[in-house]
Amino acid sequence: MNRIVRITSLGLFFTSLSCSPSSTPGDSPSDSAQRVIEVEARPDRGRSEEHNLEFEARWNELYNTPHDNGDTLVIGTIGDADSLNDLTSAAITGSNVIGLLFLSLTRTNPDFSHAPSLAESWQFSEDHLELTFHLRDDVFWHDGVKTTAHDVKFTFEKQISPNIGWATIKWKQFIKECVVVDDYTVKFIFERLYPYQLMDAVVGAVLPKHILEKVPDEEMVSTDFNRNPVGNGPYRFKEWKAQQYIEVEANENYFAGRPPLDRIIFKVVPDQENLALQLKSGEIDFMDGVPPRFFEELARQENLVAYIAPGRSYSYLGWNLLNPLFQSKKVRQALTMAINRQEIIDSLLFEFGEIPKGPVLPIIWAHHPNLPDFPYDPEKARQYLAEEGWKDSDGDGWLDKDGQRFSFTVKTNKGNQIREDILILVQDMFKEVGIAVRPNILEWTVFIGDMDKKDFEAAVAGWSVGLKMDMTTIWHSDSINDKFNFVSYSNPEFDRLNDAAIFEMDSEKAKQMWWRAQEMIAEDQPYTFLYSPKDINFVHRRFQNVQMETVGWNYNLEQWWVPKDKQKY
Amino acid sequence: MILGLFGLLVGLAGWHAGTLWDTLAHTLEKLFGANVPYTLRDLDFLVSTLFLLGMLAALVLYSGLSCQRIRQADRTAQGPERQWSIVKRQFLKNRLAVAGALIILALYLVAFLCPFLAPYDPVEQGDRVQERLLSPSAEHLLGTDRFARDVFSRIIYGSRISLLVGFLAMGLAVTLGTAVGAVAGYYGGWVDSVIMRFVDMMLSFPTLILIITVIALWRNQSIWIIITLIGLMSWMGVARLVRGQFMALKEREFFQAARALGAGTGRLIFQHLLPNSLTPIIVSATLRVGNTILLEASLSYLGLGVQPPTPSWGNIVYDTKGNLFTEWWMPLAAGMAIVITVVGYNLLGDGLRDALDPRLRE
Amino acid sequence: MHTYIIRRILISIPLLFGLLTINFFLIHAAPGDPTDIFYNPDMDPEARENIRRIYGLDQPLGVQYLKYIQGVVLKFEFGYSIAKKRPVKDEILEALPNTIQLSALALLLELSLGIGIGILAAVKQQSTFDNATRVTALTFYSMPSFYLGLVLLFLFAGGVSATHWFPASGMVDIVRHESMSTLGRLGDRAIHIFLPSLTLGIGAAAGISRYMRGELLEVIRQDYMRTARAKGLTERVVVFKHGLRNALMPIITIMGLSLPFLFSGAVIVEQVFGWPGMGRVAVDAAFQRDYSMFLAVNLIFGAMVVVGNLVADILYAMVDPRVRLS
Amino acid sequence: MTDVMDQTSPQIEVRNLKTYFYTEDGVVRAVDGLSYRLAKGETLALVGESGCGKSVSALSVMRLIASPGKIVEGEILLDGLDLLQCSETEMREVRGNRISMIFQEPMTSLNPVFTIGNQIMEAIRVHQDVSRKEARDRTIAMIRRVKISAAETRVDEYPHQMSGGMRQRVMIAMALACNPEVLIADEPTTALDVTIQAQIMELLAELQSEFQMSILLITHNLGLVAEVSDQVAVMYASKVVEHTSTAELFASPLHPYTHGLLTSVPTLGMPREQKLNVIPGQVPNPLHFPTGCRFHPRCPVAEQRCKQEEPLLREVKPGHWAACHFIENGKSPIKGADR
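Residues numbered from 1 in each chain as written. Chains lettered and ligands numbered in written order. Predicted model: local features only at pLDDT ≥ 70, side-chain atom pairs only at ≥ 80, totals over all residues. Heavy atoms only, no water.

Caption draft 1: Expanded view of the overall build of chain D. A count of helical and extended segments in chain D gives 12 helices and 12 strands. Dimensions of chain D along its principal axes, counting C-alpha atoms only, are 65 × 50 × 40 Å. When the 339 residues of chain D are sorted by exposure, 54% land in the buried category. Across chain D, every contact between residues at least 6 apart in sequence was considered, and the portion connecting residues at least 24 apart equals 64%. (Helix = DSSP H or I, 4+ residues; strand = E, 2+ residues; numbered from the N terminus. Buried < 20%, exposed > 50% of the residue type's maximum accessible area, 1.4 Å probe, protein only. Contact = heavy atoms within 4.5 Å.)

Caption draft 2: Summary view of helix α12 (residues 265-301) of chain B. All names here are of chain B. The terminal C-alpha atoms of α12, which comprises 37 residues, lie only 45 Å apart, well short of the 54 Å expected from a rise of 1.5 Å per residue. Largest kink in α12: about 45°, centred on Leu 274, with the proline Pro 275 one to four residues after it. Burial of α12 is extensive: 26 of the 37 residues sit out of reach of the surface. In the segment just after α12, Gly 303 is the residue with positive phi, at about 80°. (Expected span 1.5 Å × (residues − 1). Bend = angle between axes of the 7 residues up to and from the residue.)

Caption draft 3: Structural view of the side chain of A:Asn545. All names here are of chain A. With respect to the helices and strands, the residue Asn 545 is situated in the segment after β23 (535-540). A distance of 3.3 Å separates the side chain of Asn 545 from the backbone oxygen of Gln 559, its partner in a polar contact. Beyond its immediate stretch of four places on either side in the chain, Asn 545 contacts Leu 62, Asn 556, Gln 559, Trp 560 and Trp 561. (Polar contact = N/O pair within 3.5 Å; in protein donor to acceptor, adjacent residues only side chain to side chain.)

Caption draft 4: Expanded view of the packing of helix α4 (residues 88-123) of chain C against helix α9 (residues 235-273) of chain C. Residues and elements named next belong to chain C. Two numbers describe how α4 lies on α9: the axes approach to 9 Å, and their chain directions differ by 140°. Taken together, the axes of α4 and α9 are oblique relative to one another. In terms of crossing hand, the pair formed by α4 and α9 is right-handed. Here α4 contributes Thr 99, Leu 102, Ser 103, Ala 106, Leu 107, Glu 110, Leu 111, Ile 115, Ile 119 and Val 123 to the contact with α9, which in turn contributes Val 239, Phe 240, Leu 244, Leu 248, Ile 251, Met 255, Ser 258, Leu 262, Phe 263 and Glu 270. For the contact of α4 with α9, the residue count by class is 15 nonpolar, 3 polar and 2 charged. (Axes fitted to C-alpha atoms, helices over the stretch in contact; angles between N-to-C directions. Parallel < 35°, antiparallel > 145°, perpendicular 65-115°, else oblique. Left-handed = near helix turned anticlockwise from the far one by under 90°. Nonpolar A, V, L, I, M, F, W, Y, C, P; charged D, E, K, R; others polar.)

Caption draft 5: Just the confidence of the model for chain A, in detail. All names here are of chain A. Overall, the predicted model of chain A reaches an average pLDDT of 86, with 92% of residues at or above 70. Least confident of the elements in chain A is strand β1 (residues 6-7), whose mean pLDDT is 34; most confident is strand β9 (residues 185-190), at 95. Low pLDDT (under 50) marks residues 1-33, which in the prediction has 118 contacts with non-local residues, meaning those over four places away or in another chain. (pLDDT = per-residue confidence, 0-100.)

Caption draft 6: Main features of the interface of chain D and chain C. With 25 residues of chain D in contact, the opposing surface of chain C contributes 20 residues. At the boundary of chain D and chain C, one finds 2 salt bridges. Note that C:Lys231 is salt-bridged to D:Glu122, the shortest N-O span being 2.8 Å. Contributions of two or more residues to the side of chain D that touches chain C are made by α1 (54-62), α3 (106-109), α4 (116-127) and α7 (164-176) of chain D. Counting residues per element, the side of chain D that touches chain C draws most heavily on α4(D), which supplies 6 residues. (Salt bridge = Lys/Arg side-chain N within 4 Å of Asp/Glu carboxyl O.)

Caption draft 7: Broad picture of the interface of chain A and chain C. Listed per partner, the contact involves 64 residues of chain A and 56 residues of chain C. With both sides pooled, the region where chain A packs onto chain C buries about 5200 Å², and carbon together with sulfur makes up 57% of that total. One can count 3 salt bridges joining chain A with chain C. Summed over the shared surface of chain A and chain C, the result is 16 residue pairs in polar contact (both at pLDDT 80 or more). Elements represented by at least two residues in the side of chain A that touches chain C include exactly β1, β3 (72-78), β10 (235-241), β11 (245-250), β12 (263-269), α6 (272-281) and α12 (444-452) of chain A. (Buried area = accessible area lost by both parts, 1.4 Å probe.)

Caption draft 8: Examining the pairing of β3(A) more closely. Residue and element names in this part refer to chain A. Within β3, 7 of the 7 residues are buried, which leaves the element mostly enclosed by the surrounding structure. Of the two faces of β3, the one lined by Thr 72, Val 74, Gly 76 and Ile 78 and the one lined by Leu 73, Ile 75 and Thr 77 are each fully buried. Here β3 pairs with β12 via 7 bridges, running parallel. When the bridges of β12 are listed, Val 74 appears paired with Ile 265. (Pairing = 2+ DSSP bridges.)

Caption draft 9: Representation of the sheet that holds strand β10 (residues 239-245) of chain D within the structure. All names here are of chain D. Within the open sheet, the 8 strands sit side by side as β6-β7-β8-β3-β9-β10-β12-β11. Their pairing is mixed. Each edge of the sheet is formed by a strand with only one pairing partner; in this case those strands are β6 (99-102) and β11 (314-317). When the angles between neighbouring strand axes are averaged without regard to direction, this sheet yields 20°. Across 4 bridges, the pairing between strand β3 (residues 43-47) and strand β9 (residues 231-236) is parallel. Across the sheet, the residue bridging to Leu 44 is Gln 231, located in β9. Its contacts with the sheet place α1 against β3, β6, β7 (182-186), β8 (214-219) and β9, and it is angled at close to 145° to β6. Contacts between helix α8 (residues 194-211) and the sheet are confined to β3, β6, β7 and β8, with β8 contributing the most and set at about 160° to the helix.

Caption draft 10: View of the pairing of strand β4 (residues 69-78) of chain D. Residues and elements named next belong to chain D. As paired elements, strand β1 (residues 12-23) and β4 share 8 bridges and run antiparallel to each other. The residue bridging Lys 18 from the neighbouring strand is Glu 73, located in β4. As paired elements, β4 and strand β5 (residues 81-82) share 2 bridges and run antiparallel to each other. By the bridge assignment for β5, Leu 77 is matched with Asp 82. Taking the residues between adjacent antiparallel strands as the criterion, β4 and β5 are bridged by 2 residues, where Asp 79 takes a positive phi near 50°.

Caption draft 11: Here's a closer look at the sheet that holds β9(A). Residue and element names in this part refer to chain A. Within the open sheet, the 4 strands sit side by side as β6-β7-β9-β8. Their pairing is antiparallel. Edge positions in the sheet fall to β6 (119-124) and β8 (175-182), since each of these pairs with one other strand and no more. Each strand of the sheet is rotated relative to its neighbour by a mean of 20°, with strand direction disregarded. Pairing analysis gives 6 bridges linking β8 to β9, with the strands arranged antiparallel.

Caption draft 12: Local environment of the confidence of the model for chain D. Residues and elements named next belong to chain D. Chain-level pLDDT for chain D is 84 on average; 93% of the residues reach the 70-or-more range. With pLDDT under 50 throughout, residues 1-7 is counted as low confidence; its partners more than four residues away or in other chains account for 14 contacts. Among the prediction metrics, the complex's ipTM stands at 0.82, with pTM recorded as 0.83.

Caption draft 13: Spotlight on the state of the cysteines. For the structure on display, the rule yields 0 disulfides over all chains. Its sulfur unpaired, D:Cys306 is 5.7 Å from the next cysteine sulfur, which belongs to D:Cys293. (Disulfide = S-S within 2.5 Å.)

Caption draft 14: Inspection of the environment of A:Val268 at higher detail. Its location among the elements puts A:Val268 in strand β12. As a C-alpha pair, A:Val268 and A:Leu118 span 150 residues in sequence and 30 Å in three-dimensional space. If sequence neighbours within four positions are ignored, A:Val268 has contacts with A:Thr77, A:Gly79, A:Asp80, A:Gln243, A:Gln244, A:Tyr245, C:Ser169 and C:Arg280.

Caption draft 15: The pattern of salt bridges, seen in detail. All told, the structure shown has 73 salt bridges over all chains when counted by the stated rule. Linking A:Glu297 and A:Arg300 is a salt bridge whose minimum nitrogen-to-oxygen distance equals 3.1 Å. As a salt-bridge pair, C:Asp130 and C:Arg213 come within 2.8 Å of each other at their nearest N and O atoms. Of the two residues, C:Asp130 is situated in helix α5 (residues 128-141) and C:Arg213 in helix α7 (residues 182-220); the sequence distance between them amounts to 83 residues.

Caption draft 16: Main features of the side chain of A:Asn226. Tracing the chain through its elements places A:Asn226 in the loop between α5 (209-212) and β10. Of the polar contacts made by the side chain of A:Asn226, one reaches the backbone oxygen of C:Lys85; its length is 3.4 Å. The contacts of A:Asn226, once residues within four sequence positions are left out, are A:Ser83, A:Leu84, A:Asn85, A:Thr88, A:Met220, A:Val221, A:Trp240 and C:Lys85.

Caption draft 17: The environment of D:Glu206, seen in detail. Residues and elements named next belong to chain D. Position of Glu 206 among the secondary structure elements: in helix α8. Given a relative accessible area of 35%, Glu 206 falls into the partly exposed group. Separated by 60 residues in sequence, Glu 206 and Val 146 place their C-alpha atoms 9.8 Å apart.

Next comes the structure, spelled out in structure tokens:
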């Protein structure tokens with residue numbers, strides 16, 4: 001749960017962002033609501049440094065209910081992991097496995113607050129610039145060596161090494177130092193005060209110093225540990241066959257007790273169709289991010305239970321603000337109104353999604369519930385465009401201005417069918433108002449290369465949102481030349497608000513600032529926010545104690561179990 | 001020579017096609033307004049087909065002239081005239097070959113008459129709420145896809161891409177292959193060695209991977225680039241064939257005689273070697289069209305083919321494979337269209353080979 | 001014979017070298033580079049630059065090329081895969097046997113099925129069997145492998161519940177394989193490889209059967225077949241001893257040439273069936289711009305083609321006494 | 001041995017043999033009512049222009065006619081046994097054992113992928129129950145007998161390592177390996193140089209006396225016929241038109257076609273100014289033979305009757321059969337034909 005803002009479809013060939021299919025959950029007459037479960041949307045509560053005892057109690061209770069050991073869970077995943085070393089892993093599959101193999105200092109509660117894990121407790125110093133963690137003394141690496149504060153310090157040093165390229169390196173930017181107080185006490189010293197100090201300190205898996213200290217930073221990318229990790233989590237690494245599967249087995253010596261399932265296997269499957277096929281036939285037990293078009297077929301299977309989780313990502317149509325076509329706010333608003341977003345959700349997501357009005361989704365504490373919106377209204381869109389000088393003066397059905405036809409190319413990356421489909425839909429919708437659109441679907445590397453060089457007119461892409469409220473990378477004018485603000489959004493007032501809000505320690509005040517910032521973006525429409533898909537998960541019904549949460553389908557994966565009489569393997 | 005010229009043109013078309021057709025289409029639209037049954041989209045196909053017919057006509061003319069020359073040169077009882085009638089008879093006797101020819105002919109007719117045959121516009125989306133994913137019915141023979149487009153119409157229009165790619169890419173491959181093979185076969189020696197090593201090298205490339213990489217270089221998957229690429233990756237077989245033919249023909253008396261009489265290189269190649277190698281080239285070209293179509297379909301299936309919403313059979317399969325559980329007929333029909341076309345070309349090729357290759361004639 | 005093989009290998013060195021060079025500049029010319037996998041707002045651009053430096057990607061292309069060639073030639077090193085986070089060699093050593101396994105089985109299928117049907121069709125020329133197999137063979141020959149794969153997958157791997165006879169992906173039953181008996185494991189592997197190898201092999205088999213039929217019909221017309229009959233040999237001996245051996249010779253050449261075809265086909269088939277082989281590695285490497293991996297994979301594809309052709313030549317010389325390798 | 005026709009038991013006798021090819025263009029009557037007899041130890045030459053059905057008749061005797069050809073009628077008596085009534089199994093016993101055949105193309109008639117020893121041995125082993133070793137010894141002996149030097153090493157060579165003459169010797173060795181009663185030699189020397197031709201024919205003659213076999217020699221080379229054969233049958237348009245002893249035929253050819261044939265060949269000592277005779281017209285198309293006498297369109301003495309009535313092969317004088325309406329009292333209708 002440490003991976004936050006991450007562009008989807010990272011380097012993977014056939015990845016498609018989770019989006020959702022057809023009939024409304026629970027409407028099939030043959031079975032009860034049990035077969036389709038709506039995961040409760042539990043927004044995070046912002047800065048949460050205190051223990052949430054309610055969730056902790058529930059966690060322990062779940063762990064202590066009588067259960068049977070045994071059986072195997074096969075998780076289907078598209079695309080192999082690249083590394084099981086948190087320092088070098090970039091693919092989502094790897095993160096999921098790492099979550100089972102390694103402990104972080106804290107665990108995430110369903111409300112995004114922190115719960116004890118490797119650290120039993122923690123407290124800030126008076127000035128709030130020093131954060132001290134007290135570690136458990138009964139945690140062992142899978143090779144028998146004890147996990148200590150030295151490992152934590154070592155991990156921190158590797159995380160900030162410029163020669164390793166840890167994917168979340170920026171989160172550690174305000175941590176000055178990590179100090180070992182004694183074998184089970186470690187202290188983080190911050191450069192400044194800000195709301196996410198705890199989150200930044202604990203992000204990342206703690207790694208074994210005694211194994212990795214021999215590896216020079218430059219060789220971390222290719223070290224053997226990437227493929228033969230030694231962790232300290234509930235499961236231990238067993239085997240990894242490239243492009244086939246990653247297998248982990250129960251850690252008998254886990255400090256909280258042996259996890260119930262004998263083995264968990266992440267099976268690599270070639271594409272969505274194949275995944276659906278295997279889910280249906282029972283070759284795999286679980287899949288997240290099921291394409292909505294398969295929902296109906298899979299919901300019909302007696303052996304499967306569906307979990308519909310709130311969306312943690314959104315897709316958008318970004319306008320290149322450096323292009324004269326899109327420099328007028330009014331034009332952008334008109335373009336948004338020309339798109340029937342509800343229809344996109346109805347037809348492509350089979351209703352498993354929502355229209356996001358801004359970049360902060362409802363699961364985030366800073367979400368603004370009442371942003372200005374530009375709902376589908378082609379008449380008004382035409383009117384707005386006419387006001388900006390775009391009229392069909394030669395009667396050929398296309399808008400023009402100064403002899404120039406209103407036409408542009410929309411780029412997106414291939415491998416994500418819904419995005420590709422959007423191009424087709426949008427082309428048709430814009431035709432209605434007299435705008436000619438050419439779709440251009442590019443390979444992932446080519447696509448991001450073009451975004452980088454601002455070589456695009458409009459682009460469909462997506463962000464999966466993190467929990468840390470920070471809009472700098474994507475919206476700040478300083479980031480225009482820094483890849484992620486590729487639409488080149490620039491608004492001095494927004495910059496000022498953002499910079500202040502990041503360091504505002506008073507949640508209420510910060511919230512007001514973030515709301516204002518969101519209003520600006522919604523007003524300016526540098527993106528047309530298209531949809532935020534729900535995450536469809538299917539799991540075999542023999543698994544008990546499955547508790548999916550907004551924080552992720554794998555919230556309590558280590559606690560799933562199967563009654564003896566239903567065990568399959 | 002003529003072949004080479006056309007090959008060059010095809011290549012050039014690859015680069016300039018976009019703008020060229022656009023202008024042309026615009027002019028035509030201005031001239032005829034919206035009343036022309038052929039819309040802008042049809043022009044690509046029409047122009048290229050005309051171009052192609054020109055190419056064919058040139059080829060036939062060339063082989064006709066060559067035959068005449070050969071007939072004058074040696075007056076044997078088995079003159080070309082007689083030979084052609086035998087070929088015709090042999091071919092017509094082969095029912096499968098005739099079936100193949102008819103399939104291809106029908107496909108070309110379909111491709112030409114798309115606007116009249118297809119009940120709907122292939123990219124026009126219907127009412128996406130009410131009319132999408134319909135089952136086959138009288139109005140929509142193969143139902144509709146998720147954009148409420150008529151699948152039957154899309155498959156009809158898809159024929160253009162396959163036929164275009166098949167023929168043009170093959171044309172390019174044959175032109176290139178013939179040129180390279182001719183040079184290697186005619187000059188022999190170190191020229192031959194170098195060229196054949198290069199051919200070996202080209203054969204060692206995994207075609208698909210290379211095309212994937214090169215398509216990324218262009219960043220724009222216009223049909224012309226795909227045609228050019230496929231052509232560039234499939235000439236090696238023809239080159240080997242032509243080289244072999246030339247090598248063998250060089251040993252023959254008529255060639256030795258012509259050379260002894262002091263005929264120049266061009267004359268030797270174009271009047272003696274090439275006409276006598278035409279038969280295997282034509283046969284192999286016909287059989288190659290099928291492979292070319294398959295390659296294009298594979299590319300489309302990997303999402304590297306023609307850009308949507310333009311329909312091609314490969315991308316219809318790619319596009320609708322998610323419907324396999326429920327609307328299985330959509331990918332099935334598009335796939336069958338590919339199979340039938342390729343079968344047609346292969347039957348035709350087999351028939352031509354049987355008819356043209358005297359080795360197989362008693 | 002030995003000198004011939006050595007000479008052929010020597011000749012193929014510049015060939016592979018050229019292949020490597022073209023591939024090198026081609027993949028470097030393509031937009032993007034391997035560090036694109038670090039495309040992530042939480043990643044420090046500076047760190048990314050460091051990675052580029054560590055892997056020498058910041059150097060001029062010429063220098064990179066020379067260094068790469070130096071590594072390959074002097075130390076037989078293929079570098080590290082940035083995308084897979086491991087040495088290229090390891091990844092290939094894991095994937096290559098799988099592709100060879102798949103291709104070998106496909107080749108076996110291609111030869112046994114293709115030759116068998118070809119012979120039967122030729123012997124029973126113009127019979128119902130002949131016509132039926134010709135049409136069937138042509139259909140399979142004309143079918144794109146992804147399409148065949150998709151249809152087989154859907155029909156026999158769970159799409160239709162009643163005929164769920166084969167697994168949809170993978171090489172083994174990953175849960176149960178460990179605990180199986182030797183025989184069980186063999187069976188497990190067999191049912192996993194069946195659909196992919198069938199998809200890969202059947203088109204090729206159709207092609208071979210067409211060739212085989214034609215060749216055998218051609219051979220049956222030969223004078224020496226009449227001589228053999230005139231000796232009083234049974235028709236079986238005539239066809240299978242005198243005819244087959246002659247008809248098989250061109251097939252050997254075609255077999256050598258069909259290797260690249262099989263490898264290319266494997267790219268698609270592995271994609272459809274999730275077979276963990278070189279095809280998937282190759283496609284990933286191309287899309288991720290994983291330079292070292294891409295070059296090594298292509299080199300290996302090239303080398304396999306060269307070896308395939310060499311083996312075909314040697315086999316040809318072994319069956320055809322008229323050809324002497326020199 | 002001058003008058004074979006009187007002998008009561010010919011080694012092989014062909015009666016009214018008809019072999020038709022059912023092609024898509026129509027029925028080709030390649031052999032259409034052929035009859036001849038060949039006595040023990042003798043040589044019968046079957047002569048005629050190309051396409052007259054000589055080779056097909058030879059293959060018919062071996063019953064090696066492949067589809068679409070079919071033997072539709074007739075009898076082939078080998079020492080009284082009608083081969084056309086034999087089962088395929090029985091026929092295989094005859095082929096290569098009692099009747100052997102050598103073909104006109106030594107270059108293509110040997111299988112290129114087997115050693116010559118292998119191919120000869122095969123003939124021995126299929127008909128005789130002998131060990132490999134013995135078969136090999138016999139093969140070497142056989143190779144030696146056809147006068148190939150270094151038989152022990154040659155036995156392991158492949159056909160492509162040998163010259164044409166050598167290969168024809170191998171063919172002969174193969175044909176004689178089982179000591180057959182009848183040898184059919186289908187233009188055995190056409191593909192060879194003249195000097196080699198002579199050697200081969202000499203060898204055949206030698207082996208014939210050694211093995212006491214009958215030879216059916218198919219040829220269009222009249223010189224050869226004069227040299228080696230005892231009897232001659234002349235074929236025209238799928239039928240025998242004249243059949244007699246060699247001496248008789250050359251002395252007094254009775255059929256106009258035979259006459260034409262003989263005068264179209266230059267002979268030694270022929271005056272330089274004498275023109276060679278040419279038979280006008282072309283060999284008739286076997287799809288559409290002329291009615292009546294098939295030779296009538298080209299015959300210098302043809303009359304109306306020849307167009308309607310087909311002449312039968314009849315004994316026009318003792319030991320001399322011919323098929324022409326106009327042969328009377330053993331006299332040729334063409335003046336000056338008797339030499």
